[in-house]
Amino acid sequence: MLRNCRNALQRSRLLLTAKERRQPERQQQSAAVASSSMEKFDLPKRLQGSTPSVWNEYIALAMQYKPLNLGQGFPDDAAPEYVTNSLADIAHDANPLLHQYTRGYGHVRLVQALSKLYSGLVGHELNPLSDILITSGAYEALYSTIMGHVDVGDEVIIIEPFFDCYEPMVKMAGGVSRFIPLKLRKTEEGGPISSADWVLDDAELEGLFNAKTKMIILNTPHNPIGKVFNRTELERIAELCRKWNVLCVSDEVYEWLVFDGAEHIRICTLPGMWDRTITLGSAGKTFSVTGWKIGWAYGPTQLIRNLQMVHQNSVYTCPTPLQEGVARSFEVELARLGTPESYFLSLPRELKQKRDFMAKFLSEAGMRPTIPEGGYFMLADWSPLASKVDLSTEPDKHRDYKFTKWMTKNMGLQGIPPSAFYSEPNKPLGEDFVRYCFIKKQENLDKAAELLRKWK
């Protein structure tokens, strides 16, 4: 009996030993299954390498430290009353259909208003039903344009610095981004810098065009530099587009915000460019209602139909009340066009004063601002202040990130790091600069000036 007990105990030990040996195997198998599962649900190859945008990071930073936010590009003052009142009127309108789906490619009243406006501006009679697409902001207009026209392997020329979604959208479409930076030409030592002093190298630009080039993305007036491309510069881009049969995507969301007599020239109006240009616009920038997220693209029917295909299979249609409100606002402006009462003229008059005020207080603080010809952003060279900032406290790779985070946390003033708007090899070109927004209440600009004055 004792022998039987010993045999049973031995068998039990052997079984336990075998179970212990199998345990790591099961753990390894389990880990392998989990790893395989994670790989299966990882980002698709077309999105791999993508990183969170600068906006996600800096909005979180602003929420945590609550600085005076001159970084993000939105007005903090009231939009025109006739614009915001339109929504109140629509809410009480007797027509119940204003709260239901509208036409997928654009609310009829809105595309008709845009057709009337742009037909006169570009010298082509726009068909409101086929030459204009209403989108969820200019952001979606850009997305639908790139996804609708760029195929795998197509090359897209992007002018740096660029709005940070350009490159990821090209990547999602399977295209290849080719970059060319605007570079600051030499100016008089200590003299003012204009956005016109930022220029493209002509030989470099010409060298980017080839048989694989499908598209060039142009942004004028430019964010963040504020450059308004002049006629000579646009004619050169147009010449290369015609030579290589390239589509020009013209991001003109700041079209009404130009200063000092600068002329906003729509590249689609140049010879041979109407049939190869898609132009993007924004109600958010036009009427200072960025939260409405209504944008548009216009151009020849044969180009816009590609965007319609993307739009109908993603967004499908945009909010009816907002489109109706934008349409009514345009109808007000169409009646005022060219008069002093027009918001398209009064807003840039107001912004010019704020621009000049910001340039003054940034200069007095020791920075060197670039005076923009258009838009509502200002780049400033902060490097003369480097000795006053302890960049070692921030772990970021690029110095403009270190500077803007130090300023947010220690000075209570937030700007945006421009290296976020460059391709990886060219990020050093933006490291000496910070981007500030001046479409803000005067009291907030006064606070920024006072913060910098006390710091100095």
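One can find the structure itself at the top, above this paragraph.
Every chain's residues receive numbers from 1 upward, in the order its sequence appears when written. Selection of residues for local features in this predicted model requires a pLDDT of at least 70, selection of side-chain atom pairs for listing and counting requires 80 or more, and totals for whole chains, interfaces and linings are taken over all residues. Where side-chain values are given, they derive from all heavy atoms of the structure, hydrogens and water being excluded.

Visitor: Please set out the overall build of the protein chain residue by residue, giving values where relevant.
Guide: Looking only at helices and strands, one finds 14 helices and 15 strands in the protein chain. Taken along its principal axes, the extent of the C-alpha atoms in the protein chain is 115 × 55 × 55 Å. Note on contacts: a residue pair qualifies if any of its non-hydrogen atoms lie within 4.5 Å across the two residues. Considering only residue pairs separated by 6 or more positions, the protein chain has 73% of its internal contacts joining residues 24 or more positions apart. When the accessible surface of the protein chain is split by element, carbon and sulfur atoms take 53% of a total near 21500 Å². Numbered from the N terminus, helices here are DSSP runs of H or I no shorter than four residues, and strands are runs of E no shorter than two. Here the Shrake-Rupley method, with its probe set to 1.4 Å, supplies the accessible areas, and only the displayed protein chains count as covering residues.

Visitor: Residue-level account of the nonpolar core, with values.
Guide: Of all hydrophobic cores here, the largest spans 67 residues; its most connected members are Phe330, Met367 and Tyr436. Considering each element in turn, this core owes the most residues, 8 residues, to helix α12 (residues 343-364). In this view, Tyr436 contacts Leu70, Met358, Leu362, Met367, Tyr376, Phe377, Met378, Phe403, Met407, Leu413, Gln414 and Gly415; residues no more than four positions away in its chain are not counted. Counting residues in hydrophobic clusters, the runner-up holds 28 residues, among them Ile193, Leu234, Leu270 and Tyr422. Remark: nonpolar core denotes a set of buried residues (Ala, Val, Leu, Ile, Met, Phe, Trp, Tyr, Cys) joined through side-chain atoms within 4.5 Å. A simple rule labels every residue: compare its accessible area, found with a 1.4 Å probe on the protein chains alone, to the largest value its type can have, and call it buried under 20%, exposed over 50%, or partly exposed in between.

Visitor: Talk me through helix α10 (residues 301-312); I want residue IDs and the actual numbers.
Guide: Expected helix span is taken as 1.5 Å per residue step, with the number of steps being one fewer than the number of residues. Over its 12 residues, α10 runs 16 Å from end to end, which matches the ideal 16 Å to within 8%, given 1.5 Å per residue. Where α10 is buried, its residues touch β2 (132-135), α5 (137-149), β9 (247-251), β10 (277-282) and β11 (295-298).

Visitor: Any chance you could break down the pairing of strand β8 (residues 213-219) for me, citing the residues and the numbers?
Guide: Where burial is concerned, most of β8 is hidden: 6 out of the 7 residues are buried. Paired strands, in this sense, are two strands between which DSSP finds at least two bridges. The pairing of strand β3 (residues 155-160) with β8 spans 4 bridges and is classified as parallel. Bridging across to β8, Glu155 finds its partner in Thr213. Both β8 and β9 contribute to a ladder of 5 bridges, which runs parallel. Bridging across to β9, Met215 finds its partner in Leu247.

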